[in-house]
Amino acid sequence: MIQRYLFAVLLLLPPVLCATEWSSELGIEGRYFFEDPLDPRQHDNNLSLTFESEYYHDWQQGEQRFVFTPYVRLDQHDSERSHFDLRELYWRRTFGDSDLYIGLRKVFWGVTESLHLVDIINQSDLVENLDGEDKLGQPMVSLSHQNEWGQWELFVMPWFRERTFAGVEGRLRTPLIVESDYSQYRSGDEEEHIDSALRWSHVIDDWDLGLSWFHGTDRTPQLQPATINNGNVVLQPYYAQLDQLGLDLQYTYDSWLWKLESVARRHDSGVSPTLKRSSAAVGGIEYTWYGILPAATDVGLVLEYQYDSRDGSDAPSANNDIAIGTRITFNDVQDTTLLALVATDLDHRARFISIEGSRRLGETMSVTLEARLFSNTQPQTLLYPLRDDDYLEIVLTHYF
Amino acid sequence: MKRTHSQWLLSLVVFMPLIPAAAFASDDGTTQRGLEIAIEADRRDSGFGDSSSSLEMTLRNRHGEETQRQLRNKTLEMKDDGDKAIIIFDTPRDVKGTAFLSFTHKVKSDDQWLYLPALKRVKRIASRNKSGPFMGSEFAYEDISSQEVEKYSYRFIKEEQFDGRDHFVIERDPVDPKSGYKRQLVWLDQQEYRIWKIAYYDRKDTLLKTLVYSDYHQYLNRYWRANIMEMINHQTGKSTRLVWRDYRFKNGFDEREFTRSALKKAR
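Residues numbered from 1 in each chain as written. Chains lettered and ligands numbered in written order. Predicted model: local features only at pLDDT ≥ 70, side-chain atom pairs only at ≥ 80, totals over all residues. Heavy atoms only, no water.

### What about the overall build of chain B?
- Helix and strand counts for chain B come out as five helices and 13 strands.
- Among the 267 residues that make up chain B, the fraction classed as buried is 54%.
- In chain B, the proportion of contacts linking residues at least 24 apart, taken out of those at least 6 apart, comes to 45%.
- With an accessible surface of roughly 12900 Å², chain B has 51% of that area assigned to carbon and sulfur atoms. (Helix = DSSP H or I, 4+ residues; strand = E, 2+ residues; numbered from the N terminus. Buried < 20%, exposed > 50% of the residue type's maximum accessible area, 1.4 Å probe, protein only. Contact = heavy atoms within 4.5 Å. Areas by Shrake-Rupley, 256 points an atom, 1.4 Å probe, with all protein chains shown as cover.)

The structure is reproduced here in structure tokens:
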């Protein structure tokens, strides 16, 4: 619907060309799993092809912009992971200090590295990667205004995007399959519930701060076992209603970054008590030693603590966890970087280890290596279903 | 070289912290003369308002193998502070769309933000990496950021003639202890106060790099910009050549184009 309006608007505009560009990337991803899968329908190795292209067109001296970013993944085994998405499809009009956006966009809020609590506009495209940093395009009308008191943003989101989950043959999933076709919503409007959000962000000297408020469908579903028509037991996503107040804060001093993200939430799940309040925070430091190794290598230390007040069956994975990591930037011609992070659950000692490295090859290629390990996974932890899913991934990307 | 009283007063206030150092460091007036040359060079380049340009970097390793980077740059001159700048990366293709915002300051450390287009994320980064290489080149962040008079203490060394020009040679010592340099020797021509050469000495006072400027052009009948800058690292044998193109002044930029939200929209 929005897209149709968007195209209609575009067709009416005079073609005053200013800047137009297509840029694309084609990726091939290989994953090797160290252990046999828990479910015989899953596989040891997996190949995937991805393609993303971005088209943008600016006119009226950049006062207007149209962006179109389709994305597709073809997966060897997992039919749920093979999917198409419009990461972006929007039109922007600038009026002085204000910007109006109509269409599908990606918006990021927050400052921390190990967990993104405040970031809520976009749904996670979870089949892409466990870290949830890949996002689905969110349909919206948004207005942004910049003045001396900071940036003010209003979002109205008329259509909800469901989280993506691995299919039967995919790894990195719960033992029971999540059946998105059986999704349930707290709101009678289901996906058509109109979500809204407000954000204020500002820079005051060495402080970067943001305050946000969200009202609408929670992006994170509760997964409830249910028997479906064919007698199979599956996990049914239930999307509650959520009000969330968020704060993100960064203090930058010398080689130190001090970071904090915090949320206060009120969930309406339709069960008693109807309104459940909770809070969560993630905060810590990043310190960098510059040029300490030969050839100007920078070594950073990341230390973050994750807290969530929810417990029992509501408890998320990161509720009393500590994440320690290092970021190594080699500052070479190929932009070689390495990020290693260990997150430990302080209640159960379950450990999640992630190592990511990337490097450019020539002028138009890059290679990314990623290893994810799940250790000391106790049956009562959320990592338990992933206990045999340690993997090594290599991605080759060609840019053109 | 006429100056109003208020300008004198201003430079007096701005350089007050340097005065005791000047008083003790030198009896022969070389400190004063070095500072005067730096102030005059700065004065001649001030008032440009804003500028934009594109830049091609050629990185050459000791075997002569080359790689290219293309960037675009927008600068806004600030009245009582260092410049604000946005740099947009066009190539290599994997970092295309990445943009860098900096607020340079005369005394305190710069503010810097990086926009990562894949995540649509703006990150405030620590500005203490000034001695680190910029995009894997032989230029450090501190070499390319706005050169404010207050960032160094000065000493006049000598006069020298080459390429048919008379030059001043001054030494400047970075005030910031985190700088990668102990000192720099700067050659400016006496006619226009343009920099033609800088020799960089590392913390051990060994010659590290030499930067040579060439192909100067004058804009708005006043401001000189070198189209070519060649940095040679004597310790590694690597070099980086910068070729500046499409210099434009008086674009009418204002501070709203140098914010985090503008960084996300930069193309």
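### With respect to the nonpolar core
- Counting residues in each nonpolar core, the largest one holds 47 residues, and the members touching the most others are B:M57, B:L71, B:F89, B:F134, B:L211 and B:Y213.
- Contact partners of B:Y213, with chain neighbours within four places excluded, come to B:I195, B:W196, B:K197, B:I198, B:A226, B:I228 and B:M229.
- Ranked by size, the runner-up nonpolar core spans 15 residues in total, among them A:I121, A:F155, A:M157 and A:V263. (Core = buried A, V, L, I, M, F, W, Y, C linked by side-chain atoms within 4.5 Å.)

### Brief notes about the pairing of strand β4 (residues 99–103) of chain B
All names here are of chain B.
- Where burial is concerned, most of β4 is hidden: five out of the five residues are buried.
- Every second residue of β4 is oriented toward a common face, with A99, L101 and F103 on one face and F100 and S102 on the other, all of them buried.
- Looking at chain direction, strand β3 (residues 84–91) and β4 are connected through five bridges and run antiparallel. Of the residues in β4, the one forming a bridge with K84 is F103.
- Bridge count between β4 and strand β5 (residues 111–116): five bridges; the pairing is antiparallel. Bridging across to β5, L101 finds its partner in W113. (Pairing = 2+ DSSP bridges.)

### Some thoughts on the pattern of salt bridges
Residues and elements named next belong to chain A.
- This model, assessed by the stated rule, comprises 67 salt bridges over all chains.
- With a closest N to O distance of 3.1 Å, E286 and R327 form a salt bridge. Separated by 41 residues along the polypeptide, E286 in strand β15 (residues 275–293) and R327 in strand β17 (residues 320–329) bring together distant segments of the chain.
- If you follow the salt bridges from partner to partner, you end up with E29, R31, R73, D75, R81, E128 and E393 in one network. (Salt bridge = Lys/Arg side-chain N within 4 Å of Asp/Glu carboxyl O.)

### What about the environment of B:W224?
- Secondary-structure assignment places B:W224 in strand β12 (residues 223–233).
- Note: C-alpha distance between B:W224 and B:E192 (32 residues apart in sequence) is 8.4 Å.

### Brief notes about the confidence of the model for chain B
- Mean pLDDT over chain B: 88, with 89% of residues reaching 70 or higher.
- Contacts for the low-pLDDT stretch residues 12–24 of chain B, under 50 throughout, to residues beyond four places or in other chains number seven contacts. (pLDDT = per-residue confidence, 0-100.)

### Some remarks on the interface of chain A and chain B
- If you look at the interface, chain A gives 50 residues, while chain B gives 33 residues.
- With both sides pooled, the region where chain A packs onto chain B buries about 3500 Å², and carbon together with sulfur makes up 44% of that total.
- There are 13 salt bridges connecting chain A and chain B.
- Among the salt bridges present, the one from B:K120 reaches A:E88, with a minimum N-O distance of 3.2 Å.
- At the junction of chain A with chain B, the criterion picks out 21 residue pairs in polar contact (both at pLDDT 80 or more).
- Elements with a minimum of two residues in the side of chain A that touches chain B: β1 (17–33), β2 (45–59), β3 (64–75), β4 (83–95), β5 (98–105), β9 (195–204), β10 (207–217) and β13 (241–253) of chain A.
- Looking at the side of chain A that touches chain B residue by residue, the classes come out as 15 nonpolar, 15 polar and 20 charged. (Buried area = accessible area lost by both parts, 1.4 Å probe. Polar contact = N/O pair within 3.5 Å; in protein donor to acceptor, adjacent residues only side chain to side chain. Nonpolar A, V, L, I, M, F, W, Y, C, P; charged D, E, K, R; others polar.)

### As for the side chain of A:Q146
- Of note, A:Q146 is situated in strand β6 (residues 138–147).
- On the accessibility criterion, A:Q146 (18% relative accessible area) is buried.
- Here the side chain of A:Q146 touches B:S261 through a polar contact of 2.7 Å, side chain to side chain.
- If near-sequence neighbours (up to four positions away) are discounted, A:Q146 is found in contact with A:D97, A:Q151, B:T259 and B:S261.

### Comments concerning the packing of aromatic side chains
- According to the stated counting rule, one finds 36 aromatic pairs over all chains in the structure shown.
- A centroid spacing of 6.2 Å and a plane angle of 45° characterise the contact between A:W152 and A:W200, whose relative ring orientation is tilted. Highlighted residues: A:W152 in strand β7 (residues 150–157) and A:W200 in strand β9, separated in sequence by 48 residues.
- We classify A:W152 as partly exposed; its relative accessible area is 40%.
- Seen from their ring centres, B:F48 and B:Y223 are 6.2 Å apart, and the 75° between their planes marks the pair as edge-to-face. In this pair, B:F48 sits in the loop between α3 (30–45) and β1 (50–60) while B:Y223 sits in strand β12, placing the two residues 175 residues apart along the sequence. (Phe/Tyr/Trp six-rings, centres within 6.5 Å; stacked < 30°, edge-to-face > 60°.)

### Some remarks on a nonpolar patch on the surface
Residue and element names in this part refer to chain A.
- Where nonpolar side chains cluster on the molecular surface, the patch consists of V141, L143, L154, V156, I194, L198, W213 and L245 and spans about 660 Å² of accessible area.
- Elements represented by at least two residues in the nonpolar patch include exactly β6 and β7.
- Following the sequence through the fold, L143 ends up in strand β6. (Patch = residues over 30% accessible without salt bridge, like charges linked within 9 Å, V, L, I, M, F, W, Y side chains within 5 Å.)

### Structural notes on unusual backbone geometry
- The omega torsion across B:T91 and B:P92 is 0°, close enough to zero to call that bond cis.
- For B:P92, the position within the fold is in the loop between β3 and β4.
- Here A:N331, not a glycine, exhibits a phi torsion of approximately 55°, which is positive.
- On the secondary structure map, A:N331 appears in the loop between β17 and β18 (337–345).

### Regarding the pairing of strand β8 (residues 165–174) of chain B
Residue and element names in this part refer to chain B.
- Where burial is concerned, most of β8 is hidden: eight out of the 10 residues are buried.
- Bridge count between strand β7 (residues 152–162) and β8: 10 bridges; the pairing is antiparallel. When the sheet's bridge partners are listed, Q161 is paired in β8 with D166.
- Connecting β7 to the antiparallel partner β8 that follows it, the hairpin turn spans two residues, and D163 within it adopts a positive phi of roughly 50°.
- Here β8 runs beside strand β9 (residues 181–189); their pairing, made up of six bridges, is antiparallel.

### Details of the environment of B:E257
Residue and element names in this part refer to chain B.
- With respect to the element layout, E257 can be found in the loop between β13 (239–249) and α5 (260–265).
- Here E257 falls in the partly exposed class, since its relative accessible area comes to 28%.
- For the pair E257 and N227, spaced 30 residues apart in sequence, the C-alpha to C-alpha distance is 25 Å.
- Setting aside anything within four residues of it in sequence, one finds E257 in contact with K74, I86, G252 and A262.

### Notes on the side chain of A:S366
- When you line up the elements, A:S366 lands in strand β20 (residues 365–375).
- Accessibility expressed as a relative area gives 7% for A:S366, which makes it buried.
- Polar side-chain contacts of A:S366 include one of 3.0 Å to the side chain of A:Y399.
- Here A:S366 is in contact with A:R359, A:R360, A:L361, A:V395, A:L396, A:T397, A:Y399 and B:D94, once residues within four sequence places are set aside.

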